[in-house]
Amino acid sequence: MTAPEEGTTRTFERTFTPEEVRQFAAVSGDEQSRHLEPDDEGRLLVHGLLTATMPTKIGGDMQVLGRSMNFEFHEPVYTGETVTCELTVEEVAERADRYDLSAAVTCENDEGETVMTGTVEGLVWKHSDQ
């Protein structure tokens, strides 16, 4: 396992589909009409927590076990929009068996508007068998 380093930035880009929004609605139980009925442009409103899966994916790639996540949703995300999420490791503390880290998250839509910001705290085990 490679130690996480302060200042490391990773990005992930995604365009949510209507089917993904419907699946998330079914799994989460949040079946509000705003997520299931298209707007005047034929788009569905993406759940905030579905948008929050983007930093979760980045953390998974980095083998981060999340301890806390705090998100603020600034603008709506709709199906068909491309969202780019950037996670930057801000602090790393080495422990005997792990690395504790905190990171900042910013997600923007394809118009450059910030749709979500947040922080993530977690750990990365030094040995992958934990």
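Conventions and cut-offs
Residues numbered from 1 in each chain as written. Predicted model: local features only at pLDDT ≥ 70, side-chain atom pairs only at ≥ 80, totals over all residues. Heavy atoms only, no water. Core = buried A, V, L, I, M, F, W, Y, C linked by side-chain atoms within 4.5 Å. Buried < 20%, exposed > 50% of the residue type's maximum accessible area, 1.4 Å probe, protein only. Helix = DSSP H or I, 4+ residues; strand = E, 2+ residues; numbered from the N terminus. Contact = heavy atoms within 4.5 Å. 1 Å grid on protein atoms, 1.4 Å probe; cavity = no way out; pocket = protein on both sides within 12 Å on 5 of 7 lines; lining within 4 Å. Points joined across faces, edges and corners; volume = space filled by probe spheres on them. Nonpolar A, V, L, I, M, F, W, Y, C, P; charged D, E, K, R; others polar. Salt bridge = Lys/Arg side-chain N within 4 Å of Asp/Glu carboxyl O. Arc of directions from axis to C-beta.

*Asks:* When you look at the nonpolar core in this model, what are you seeing that I'm missing?
*Replies:* Core analysis: the largest hydrophobic core is formed by 23 residues, its most contacted members being Leu-87, Val-105, Cys-107 and Met-116. Elements represented by at least two residues in this core include exactly α4 (53-61), β3 (82-94), β4 (98-109) and β5 (114-125). Once residues within four sequence positions are removed from consideration, Leu-87 is found in contact with Thr-8, Thr-9, Arg-10, Pro-55, Ile-58, Met-62, Ala-103, Ala-104 and Val-105.

*Asks:* What am I meant to see in the side chain of Thr-79 here?
*Replies:* Topologically, Thr-79 is positioned in the loop between β2 (65-73) and β3. The contact partners of Thr-79, leaving out residues within four places of it in the chain, are Phe-16, Thr-17, Pro-18, Val-21, Arg-43, Leu-44 and Val-46.

*Asks:* So what exactly am I meant to see when it comes to the layout of surface pockets here?
*Replies:* Rolled over the atoms, a probe as big as a water molecule pinpoints where empty space is left. As a volume, the largest pocket reaches approximately 150 Å³. Taken together, 10 residues form the lining of the largest pocket, with Thr-2, Ala-3, Pro-4, Arg-10 and Met-62 sitting closest to its centre. Taken together, the residues of the lining of the largest pocket break down into five nonpolar, two polar and three charged.

*Asks:* Before we go on, may I ask you to explain the pattern of salt bridges in this structure?
*Replies:* Once the charged atoms of two side chains with opposite charge are near each other, the side chains can pair. Inspection of the entire model under this criterion finds nine salt bridges. Lys-126 is paired through a salt bridge with Glu-94; the nearest N and O atoms lie 2.7 Å apart. Of this pair, Lys-126 sits in the segment after β5 while Glu-94 is found in strand β3, placing the two residues 32 residues apart along the sequence. Look at Glu-94 and you get exposed, because its relative accessible area is 54%. Taken together, the shared-partner salt bridges in this structure form one network comprising Arg-67, Arg-95, Asp-97, Arg-98 and Asp-100.

*Asks:* Teacher, can you tell me more about α4 here?
*Replies:* Working note: α-helix, 3.6 residues per turn, so residues spaced by three or four point in the same direction. Among all positions in α4, only Met-54, Pro-55, Ile-58 and Gly-59 are buried. Seen along its axis, α4 keeps its buried residues to an arc of 140°; they face one direction. For α4, the secondary structure elements touched by its buried residues are β1 (9-15), α3 (48-51), β2, β3, β4 and β5. Once α4 ends, the next one or two residues include Gln-63, with phi positive near 65°.

Taken by themselves, the reported measurements are silent on function.
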